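A look at the structure
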Amino acid sequence: MSDNADPILEFKDVNLKFGETWGLQEVSLVLHPGNPFIIFGAAGSGKTTLLKAVIGLVAVDSGQIHLFGQDVTRMSEHDFFALRARVGILFQEGGLFDSLPVGENVEYPLVNQQTGEAHGEKTGDTEKRVREALRFVELEQTYEKFPSELSGGMRRRVGIARAIVTNPPLVLYDSPTAGLDPITANTIMALIAKQRDVQNTASLIVTHRYQDGELMANFHYDAQRKELVPLSADEQRDGDRGTRFVVMKEGRIVFFGTRPELEASEDEYVKRFVRHGDL
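The notes below deal with the structure included here.

The next point concerns the pairing of strand 9 (residues 219-222). Two faces belong to every sheet, and in a regular strand the side chains alternate between them. Relative to strand 10 (residues 227-230), strand 9 runs antiparallel, the two being bridged by four bridges. The partner of F219 across the bridge, within strand 10, is P230. A loop of four residues connects strand 9 with strand 10, the two strands running antiparallel in sequence, and K226 in this loop sits at a positive phi of about 60°.

Following this line, the structure appears as structure tokens:
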């Protein structure tokens, strides 16, 4: 989680317009290993567009995007494929294939990435890795079940297992807690924090819940106790485990900083996304 490490992701003055509407406007940011960025913004502010730009689902008009040290701004789809395989993605609502059992849903990135398991061929190691990912989210028992047999929170956890099954250095989360009750939402965020602390995974997390950012900034996963524990005062002073808050408006980043800096902001738009109180 050191900022001394090479960046995993870097945006440099990125611009993108959809007709007369800004998708991204002069966006610059740098994400290092192990850092979670919590992204807030009103509908249409550019949050999801930012995630899509990372993996080339939208082409930017100007500026540069560096992913794992490579400029992907004008990279061909063929060349982009291998880099994209190193990024985990949790879509809104989990994005599972209803016709496939849980095990096959989770294994999908493994058998489609451009590695030794490429070209859709399974290896003997595939099932083991799938079960490990499901065990990580405490759902190994659902391996043969179908998504329709699971609750909304369980489907979201399966989505996390699919996102992390390849052990990606970077995971993109698009509204991971949307539509969930507070207890289940906190469970989802606890798993994201666990992945950060166990695997040093960087993440971009689009959310509408201020509590999601609070959990990432104030807690860490204790491997011995196998649970989240509050950060010490010293750890919080050292930077909230790299947690940074991003607020977007009309495609532009209008705030970037720590939780205390966010809560101290006097900007009326930024203040809309701050919620005071305990988890």
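Another point: the packing of aromatic side chains. With the rule as written, the count across this model stands at seven aromatic pairs. When the centroid spacing of 5.3 Å and the interplanar angle of 80° are considered together, the rings of F37 and F256 count as edge-to-face. Pair noted here: F37 is in strand 3 (residues 36-41) and F256 is in strand 12 (residues 252-257), with a separation of 219 residues, a long-range link. Ring centres of F40 and F273 lie 6.1 Å apart, and the angle between their planes is 5°; this geometry places the pair in the stacked category.

On to the pattern of salt bridges. Opposite charge on two side chains lets them pair, provided their charged atoms get close. Applying the stated criterion across every chain, the model contains eleven salt bridges. In this structure, R84 and E77 form a salt bridge, with 2.7 Å as the shortest nitrogen-oxygen distance.

This next bit is on the layout of surface pockets. Of the pockets and cavities examined, the largest pocket occupies roughly 520 Å³. Surrounding the largest pocket, 18 residues form its lining, R84, V87, I89, Y108 and P109 being those nearest its centre. Contributing elements (two or more residues each) for the lining of the largest pocket: helix 2 (77-84), strand 6 (87-90), helix 3 (102-112) and helix 5 (152-164). Partitioning the lining of the largest pocket into residue classes produces eleven nonpolar, five polar and two charged. In this model, the second largest pocket occupies a volume close to 260 Å³. What lines the second largest pocket is R129, E132, A133, R135, F136, I164, V165, N167, Q195, V198 and Q199. Counting only elements with at least two residues in the lining of the second largest pocket, the list comes to helix 4 (126-136) and helix 6 (182-199). Considering every element that reaches the lining of the second largest pocket, the biggest residue donor is helix 4, with five residues.

Cut-offs and rules
- Residues numbered from 1 in each chain as written.
- Predicted model: local features only at pLDDT ≥ 70, side-chain atom pairs only at ≥ 80, totals over all residues.
- Heavy atoms only, no water.
- Pairing = 2+ DSSP bridges.
- Helix = DSSP H or I, 4+ residues; strand = E, 2+ residues; numbered from the N terminus.
- Phe/Tyr/Trp six-rings, centres within 6.5 Å; stacked < 30°, edge-to-face > 60°.
- Salt bridge = Lys/Arg side-chain N within 4 Å of Asp/Glu carboxyl O.
- 1 Å grid on protein atoms, 1.4 Å probe; cavity = no way out; pocket = protein on both sides within 12 Å on 5 of 7 lines; lining within 4 Å.
- Points joined across faces, edges and corners; volume = space filled by probe spheres on them.
- Nonpolar A, V, L, I, M, F, W, Y, C, P; charged D, E, K, R; others polar.

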